[in-house]
Amino acid sequence: MENQNGTGVLQTQGGRALAGAAAGAVLADATDNNALTGAAIGALAGGASCNAGIGGPCY
């Protein structure tokens with residue numbers, strides 16, 4: 001999946017934040033924790049992964 005700039009969605013900070021939120025919510029729900037809290041933590045981690053150099057560069 002690419003955005004209009006020709007880069008992958010997971011190569012943007014927003015895309016990674018959304019993916020992290022989804023993963024965090026699913027993981028939290030599966031472990032009987034608060035899905036909203038899991039989504040918030042996942043979004044922060046996903047967005048921060050751009051600045052940490054994890055998973056390639058962000059554009």
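In this text the structure is predicted, and so the values were computed from the model without any measurement.

What counts and how
- Residues numbered from 1 in each chain as written.
- Predicted model: local features only at pLDDT ≥ 70, side-chain atom pairs only at ≥ 80, totals over all residues.
- Heavy atoms only, no water.
- Helix = DSSP H or I, 4+ residues; strand = E, 2+ residues; numbered from the N terminus.
- Buried < 20%, exposed > 50% of the residue type's maximum accessible area, 1.4 Å probe, protein only.
- Contact = heavy atoms within 4.5 Å.
- Expected span 1.5 Å × (residues − 1).
- Arc of directions from axis to C-beta.
- Polar contact = N/O pair within 3.5 Å; in protein donor to acceptor, adjacent residues only side chain to side chain.

Caption draft 1: Summary view of the overall build of the chain. Across its full length, the chain carries two helices and zero strands. Scored against the burial criterion, the 59 residues of the chain give a buried share of 27%. A separation of at least 24 residues holds for 51% of the contacts in the chain among residues at least 6 apart in sequence.

Caption draft 2: Broad picture of helix H2 (residues 35-52). The end-to-end C-alpha distance of H2 is 25 Å, a good match for the 26 Å that 18 residues give at a rise of 1.5 Å each. Those residues of H2 that sit buried are Gly38, Ala39, Gly42, Gly46, Gly47, Ser49 and Cys50. Looking straight down H2, one finds that the buried residues subtend no more than 155 degrees of arc, so they occupy a single side. Those residues of H2 that are exposed and aimed more than 90 degrees away from the buried face are Ile41, Leu44, Asn51 and Ala52. Structurally, H2 contributes buried residues whose contacts are with helix H1 (13-30). You can read the cap of H2 off the contacts: a side-chain oxygen lies 2.8 Å from the backbone nitrogen of leucine 36, and it is on asparagine 34. Backbone geometry just after H2 places glycine 53 at a positive phi near 75 degrees.

Caption draft 3: Structural view of H1. Between its terminal C-alpha atoms H1 stretches 26 Å, which fits the 26 Å expected from 18 residues at 1.5 Å a residue. Residues of H1 that are buried include every one of Gly15, Arg16, Gly20, Ala21, Gly24 and Ala28, and no others. Buried residues in H1 make contact with H2. One or two steps after H1, the chain reaches aspartate 32, where phi turns positive at roughly 60 degrees.

Geometric values such as these leave the question of function open.
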